[in-house]
Structures are given as structure tokens and as C-alpha cells.
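Tertiary structure, described
As a plain string of letters, each chain reads:
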Amino acid sequence: MIPLKLLFKNKFIVLVGFMGAGKTSLGRGLSKKLNLPHIDTDYEIEKIKNMKISNIFEFYGENYFRELEQDTIINIISKNKSSIISLGGGSFLNIKLREYIKNKCISIWINVNIDIIYKRINNSQNIRPIFSKMKSKRDLEILLNKRNLIYKEADIKIDSGKLNKSRLVEKVLHKINKYLENNNENC
């Protein structure tokens, strides 16, 4: 079998999914395993604006953030070589971004159940602007179910369950290999 890194010439693995799904943590693990750079788009946006995502939402609004997010992600993909990219939870909902990603990347949906997400978000130090407007776990679940209808358009779906990070990385690598075999695709 050809090492995965050799298959990725100017192609990206893009991790999509709901807030708290573990995209950044998984991205770092894949980065180490594949010896490819990892880019967290929320972190990149915070560097550009020199402020936290929650502050960008507060001072500029969600529409401004979504435009900045779109421009940042397209810029990252157009100017970098093969990388692992962790998207913010709402990025893949943008149809222009979604189509761009589907044409240039392998997208992987990290699917996590509501109980795990709710626990992670509540225990997180990060302020999540969308979550801060919610009144209950049920509101969060409604949003998750709505977004899952879009996330399922990703090339690969991973049900992460309660897997530890190393097992999850192995599961993702296995699914990528299967995807490449089934699509006869040299990325």
C-alpha cells in the first residue's frame, strides 16, 4: 500500500462537524500520524482579527464572521499544500464553502452524539457564541439535528462515539484508505 502522505498532492483532509465534536483534537492527531501540517480555521481567524471568535461575533455580528470565515478558509486552501484542516462548526453550512471543499478536499464528518457534545461544551473554557444563545440541551440537539443534514454531505462519516484519540485517528485513516480505494482517487 502506498503511504497516505504520498497520495496527498495539493489535497486537504477537512474535518467538519458540530461544535465540541473534537475536530481540532483529531486534526492534531492526524497531523502527527501523517506528518502533515494542521490548520484550525477558528484559530487562524482569531490571529487575523487579533480577537477571540466570541468577541468577533459580539462586536461585528455573525454575518461578518461568516464572510471572514469563508474568505479565510478559501485563502488557506488556495495558498497551502496538503494539510489537515479543522473547520468551525458552522463553516460547512456555507454552500459556497461546501462546494469549494468538495471540489478540492476530502471532507470528513465527525459525528458525535448530543450527550457527549453537551458535556464537552459545558466543560470547555471556550465561549461558543452560538451555544451561549441556547436555553437548553434540547435547543442544542435541535441545532445539531438540523446541521447533521448538511454535515452528511461530507465524503466520509465517522461516528466517534467514545473512542480515545489514537483509536479515532486509526479509524479515520482506515476510512480514508477505503474512500481512496473506492473512488480510485489519487489526491
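What comes next is a walk through the structure. (Residues numbered from 1 in each chain as written. Predicted model: local features only at pLDDT ≥ 70, side-chain atom pairs only at ≥ 80, totals over all residues. Heavy atoms only, no water.)

Digging into the overall build of the protein chain
Summing up its helical and strand segments, the protein chain has 10 helices and 5 strands in all. Across the 187 residues of the protein chain, 49% fall into the buried class. Once local pairs closer than 6 in sequence are excluded, the contacts in the protein chain between residues at least 24 apart make up 73%. Counting only carbon and sulfur atoms, one obtains 48% of the accessible surface of the protein chain, whose full area is about 10,300 Å². (Helix = DSSP H or I, 4+ residues; strand = E, 2+ residues; numbered from the N terminus. Buried < 20%, exposed > 50% of the residue type's maximum accessible area, 1.4 Å probe, protein only. Contact = heavy atoms within 4.5 Å. Areas by Shrake-Rupley, 256 points an atom, 1.4 Å probe, with all protein chains shown as cover.)

Overview of the pairing of strand β3 (residues 83-86)
Residues Ser83 and Ile85 line one face of β3 and the alternating positions Ile84 and Ser86 line the opposite face, and both faces are buried. The pairing of strand β1 (residues 12-16) with β3 spans 4 bridges and is parallel. Paired with Ile13 across the strands is Ile84, a residue of β3. Note: strand β2 (residues 38-40) against β3, 3 bridges, orientation parallel. Pairing of Asp40 across the sheet is with Ser86, part of β3. (Pairing = 2+ DSSP bridges.)

Focus: the packing of aromatic side chains
Any aromatic ring pair is given by two values, namely how distant the centres are and how the planes are angled relative to each other. Counting across every chain of the model gives 3 aromatic pairs. Between the aromatic rings of Tyr60 and Tyr64, the centroid separation amounts to 4.6 Å while the plane-to-plane angle is 25 degrees, which identifies the pairing as stacked. Judged by relative accessible area, Tyr64 falls into the partly exposed class, the value being 31%. Seen in terms of ring centroids, Trp109 and Tyr151 are 6.3 Å apart; in terms of plane orientation they differ by 40 degrees. Their pairing is tilted. (Phe/Tyr/Trp six-rings, centres within 6.5 Å; stacked < 30°, edge-to-face > 60°.)

So, the environment of Gln70
Within the secondary structure, Gln70 is located in helix α5 (residues 62-79). Along the chain, Gln70 and Leu97 lie 27 residues apart, while their C-alpha atoms are 6.3 Å from each other.

Let's talk about the sheet that holds strand β4 (residues 105-111)
The strand order across the open sheet formed by 5 strands is β2-β3-β1-β4-β5, and the pairing between neighbours is parallel. Every other strand in the sheet has two partners, leaving β2 and β5 (156-159) as the edge strands with one partner each. Averaged over neighbouring strand pairs, the angle between their axes works out to 20 degrees when direction is ignored. (Axes fitted to C-alpha atoms, helices over the stretch in contact; angles between N-to-C directions.)

Details of the packing of helix α2 (residues 23-34) against helix α10 (residues 165-183)
The interhelical angle for the contact between α2 and α10, taken along N-to-C directions, is 65 degrees, at an axis separation of 9 Å. Considered as vectors, α2 and α10 are oriented roughly perpendicular to each other. The two elements α2 and α10 cross, and the hand of that crossing is right-handed. Of the residues in α10, those in contact with Ser25, Leu26, Gly29, Leu30, Lys33 and Leu34 of α2 are Lys165, Leu168, Val169, Glu170, Val172 and Leu173. Taken together, the residues that form the contact of α2 with α10 break down as 7 nonpolar, 2 polar and 3 charged. (Parallel < 35°, antiparallel > 145°, perpendicular 65-115°, else oblique. Left-handed = near helix turned anticlockwise from the far one by under 90°. Nonpolar A, V, L, I, M, F, W, Y, C, P; charged D, E, K, R; others polar.)

Details of the pattern of salt bridges
Per the counting criterion, the structure on display carries 9 salt bridges. Measuring nitrogen to oxygen at the nearest pair gives 3.2 Å for the salt bridge that ties Arg66 to Glu62. Taken as a pair, Arg66 and Glu62 lie in helix α5 at a separation of 4 residues, close to a single helical turn. For Arg66, a relative accessible area of 19% puts it in the buried group. For Glu62, a relative accessible area of 31% puts it in the partly exposed group. (Salt bridge = Lys/Arg side-chain N within 4 Å of Asp/Glu carboxyl O.)

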